[in-house]
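# Coordinates in review
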Amino acid sequence: MVLPIVKYGDPILHQVCEPITAFDHELEALSKNMVETMYAAPGYGLAAPQVGLLKRFIVIDVRESLIVLANPELINAEGDQFEEEGCLSIPSFTAKVHRPSRVIVSGQDIHGKEKIIEGEGVLSRVLAHEIDHLNGVLFIDHLGAIKRDIIKRKIRKKVRAGEW
Ligand code: ZN
């Protein structure tokens, strides 16, 4: 089932998510629906708060292989990349954001089994972006005040025009 994606302006996107503690059928269903929603968008990744759930759960596919991760944690980050980035919750806006060029992330699969994911390039960027979501941080929070305010102003304009 494709779920509605929460857009910028909803306070849920600025909150810290709770850990996943139950690795049950409900999590399996959430995972399936989030994967479907990500592919339908289409996007490279999706975090649970983007579908209205304050849970530490992300799905990613940078067109390599599907990654589904509960309680992801950045355990190592190296290097720097500065590339254009967007977000399904802030549609039609992109900006260049600094991200680590390589990351190591720990987490659990939907059965609670420990997993280690190593990511470079685009995968490193998307992992950092999705983990940010679980801490209530959006890509525009990484921008300087002027660039961020320009985007916020344009969003407010879209909201007023009923285009958001
Ligand atoms: Zn995002």
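What comes next is a walk through the structure. Remember, it's a predicted structure, so these values are computed and weren't measured experimentally. (Residues numbered from 1 in each chain as written. Predicted model: local features only at pLDDT ≥ 70, side-chain atom pairs only at ≥ 80, totals over all residues. Heavy atoms only, no water.)

### So, the pairing of strand β2 (residues 57-60)
- Here β2 shows a buried face lined by Phe 57 and Val 59 and a second buried face lined by Ile 58 and Ile 60.
- In this structure, β2 lies alongside strand β3 (residues 67-78), joined through 4 bridges in antiparallel fashion. Counterpart to Ile 58 in the pairing with β3 is Leu 69.
- Counted along the chain from β2 to the antiparallel partner β3, the turn is 6 residues long, and its residue Arg 63 has a positive phi close to 65°. (Buried < 20%, exposed > 50% of the residue type's maximum accessible area, 1.4 Å probe, protein only. Helix = DSSP H or I, 4+ residues; strand = E, 2+ residues; numbered from the N terminus. Pairing = 2+ DSSP bridges.)

### Some details on the sheet that holds strand β7 (residues 114-120)
- Taking strand neighbours across the sheet as the criterion, the 5 strands line up as β1-β2-β3-β6-β7 in an open arrangement whose pairing is antiparallel. Among the strands making up the open sheet, the edge pair consists of β1 (45-47) and β7. Looking at each pair of strands side by side, their axes are set apart by 40° on average, direction ignored.
- As judged from the 6 bridges shared by β3 and strand β6 (residues 102-108), these two strands associate in the antiparallel manner. Each residue of the ladder has a partner; that of Glu 73, found in β6, is Ser 106.
- Docked against the sheet, helix α1 (residues 25-40) engages β1, β2 and β3, running at close to 40° with respect to β2. (Axes fitted to C-alpha atoms, helices over the stretch in contact; angles between N-to-C directions. Contact = heavy atoms within 4.5 Å.)

### Brief notes about α1
- Between the first and last C-alpha of α1 there are 22 Å, a value that for 16 residues agrees with the 22 Å anticipated at 1.5 Å per step.
- Contacts from the buried residues of α1 go to β1, β2 and β3. (Expected span 1.5 Å × (residues − 1).)

### Re the coordination of the zinc ion
- On the protein side, the zinc ion has Cys 87 (SG), His 129 (NE2) and His 133 (NE2) as donor atoms, found 2.0 to 2.3 Å from it.
- Donor residues binding the zinc ion come from one chain and are separated in sequence as C-x41-H-x3-H. With His 129 and His 133 both in helix α2 (residues 121-134) and 4 residues apart, this pair spans about one turn of that helix.
- On the accessibility criterion, His 133 (1% relative accessible area) is buried. (Donors = N, O, S within 2.8 Å, 3.2 Å for Na, K, Ca; no water.)

### Remarks on the packing of aromatic side chains
- Per the stated rule, a full pass over the model turns up 1 aromatic pair.
- Considering the side-chain rings of Phe 93 and Trp 164, the 6.3 Å spacing of their centres and the 55° angle between planes classify their relative orientation as tilted. With Phe 93 in the loop between β4 (81-85) and β5 (95-99) and Trp 164 in the segment after α3 (145-160), the pair connects residues that are 71 residues apart, well separated along the chain.
- Owing to a relative accessible area of 23%, Trp 164 belongs among the partly exposed residues under this scheme.
- Over the face of the ring belonging to Trp 164 we find Lys 7, whose NZ or CZ atom lies 5.4 Å from the ring centre. (Phe/Tyr/Trp six-rings, centres within 6.5 Å; stacked < 30°, edge-to-face > 60°. Lys NZ or Arg CZ within 6 Å of the ring centre and 35° of its normal.)

### Here's the deal with unusual backbone geometry
- Omega for the bond connecting Ala 41 with Pro 42 falls within 30 degrees of zero, at -10°, which places this linkage in the cis form.
- Relative to the helices and strands, Pro 42 is located in the loop between α1 and β1.
- A positive phi angle is found at Asn 71, which is not glycine, with a value near 50°.
- Along the chain, the position of Asn 71 falls in strand β3.
- In this structure Asn 71 comes out as buried when scored by relative accessible area, which is 15%.
- The phi dihedral of Ser 92 is positive, around 75°, even though this residue is not glycine.
- Following the sequence through the fold, Ser 92 ends up in the loop between β4 and β5.

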